[in-house]
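# Chains, contacts and geometry: an overview
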Amino acid sequence: MLDSLPYELPELVTRAPLDIHRSTVLPEWVDWNGHMNVAFYVLAFDQASGAFMRNMGLGRPYVDGKLGMTFVLETHVTYDREMRQGAPMRFVTQLLERDAKRVHLYHEMFHAAEGYLAATNEVIVMNIDYATRRSARWPAPVAERLETLWQAHKNLKRPAKAGRVMGLAKT
Amino acid sequence: MIELDLAAPLDRHRATVLPEWIDWNGHMNVGFYVVAFDKATDTLCEQFGCSWDYTREKIGMTFVLEAHVTYDREVKQGDPLRITSQILDHDARRLHFIHAMYHATEGYLASTNELMLMNIDYATRRAAPWPDFAMERIEKLAAAHKALPRPKQAGRLIGIRKK
């Protein structure tokens, strides 16, 4: 485990839930159905996970400094409404669980102007040692930040769309 | 429509990891696994006539309602991919299936993608029953896939297991 990080960490945001990421649906994200393609929802959510990680102190300098990386192990998306080219997106993120190497995050994507829920994303992200490309414990300052954030998020209501198992409900 | 392929699982889709799919970690980015899988969904939908022609002719579309991806191993730029598809369930307007992505030459499993797909009426952009021509083929594909073992990656609940 790294005891410290050799760069300045950004000021920690501990709002519950976090509301720190904004984005826009790019032209190249739109498919033949005239809306944002399923894959680019995942890309947009991955950028929201990136914003979460930057808040934890694991932004680009973490990778460029050859210290570590974060890998997604698993992701679950619900597609709730269409988004068109140019639509502004607002993301809300809740920390559902954490351990020594992983976080379990839940993102919601909203149309930033119209306000509707467009999609949700549950994701497991793991810390990776740069040299070995294998899982590793969070660097100490990151573990500390995660714990602070966890204290702020642990009493949030568990989202109804978290923990879904896919299937056709028999009716 | 193309000739129906009743091999179980469907094993028709091939792709290559493109340079623009690589992120700063030096491997295919999580979003582009889904780009690759979505093209495999097109290959599956082609089997029952609901791929590009279906939308180009303004008959209908297919929308994904839900997706679950497991990232099992890294793939790098230029890697050849083989994607197989297995139908798990279906009803009058939905299809539940799972793709498995393999490194085509090394053979390892790189990722899986479970999906719920819905048929959409072109004009109303709302859910609609599968057209008869599609349903007939979906039934045949589902029957061919029925005997396959259910992949362990299907029906997963996401979470951090407590040790």
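Preceding block: the structure.
Computed from a prediction, not measured in an experiment: that's the story for all the values here. (Residues numbered from 1 in each chain as written. Chains lettered and ligands numbered in written order. Predicted model: local features only at pLDDT ≥ 70, side-chain atom pairs only at ≥ 80, totals over all residues.)

The interface is formed by 32 residues belonging to chain B together with 30 residues belonging to chain A. Counting residues per element, the side of chain B that touches chain A draws most heavily on strand β2 (residues 60-71) of chain B, which supplies 10 residues. Taken together, the residues of the side of chain B that touches chain A sort by class into 17 nonpolar, nine polar and six charged. With five bridges connecting them, strand β2 (residues 68-79) of chain A and β2(B) associate as antiparallel partners. (Contact = placed C-beta atoms within 7 Å. Helix = DSSP H or I, 4+ residues; strand = E, 2+ residues; numbered from the N terminus. Nonpolar A, V, L, I, M, F, W, Y, C, P; charged D, E, K, R; others polar. Pairing = 2+ DSSP bridges.)

Moving on: the pairing of β2(B). Residue and element names in this part refer to chain B. Of all 12 residues in β2, nine are buried; the element is thus mostly enclosed. Strand direction decides the pairing type here: β2 and strand β5 (residues 109-121), joined by 11 bridges, are antiparallel. Bridge pairing links H68 to E114 in β5. (Buried ≥ 20, exposed ≤ 12 C-beta atoms within 10 Å, placed from the backbone.)

Glancing now at the packing of helix α1 (residues 38-56) of chain A against helix α1 (residues 30-47) of chain B. Angle between the axes and distance between the axes: these two values describe a pair of packed helices. At a minimum axis separation of 8 Å, α1(A) and α1(B) run at an interaxial angle of 175°. When the axes of α1(A) and α1(B) are compared, the pair comes out roughly antiparallel. Counted together, A:V38, A:A39, A:F40, A:V42, A:L43 and A:D46 of α1(A) and B:V30, B:G31, B:F32, B:V34, B:V35 and B:D38 of α1(B) form the full contact between these two elements. Residues of the contact of α1(A) with α1(B), tallied by class, amount to nine nonpolar, one polar and two charged. (Axes fitted to C-alpha atoms, helices over the stretch in contact; angles between N-to-C directions. Parallel < 35°, antiparallel > 145°, perpendicular 65-115°, else oblique.)

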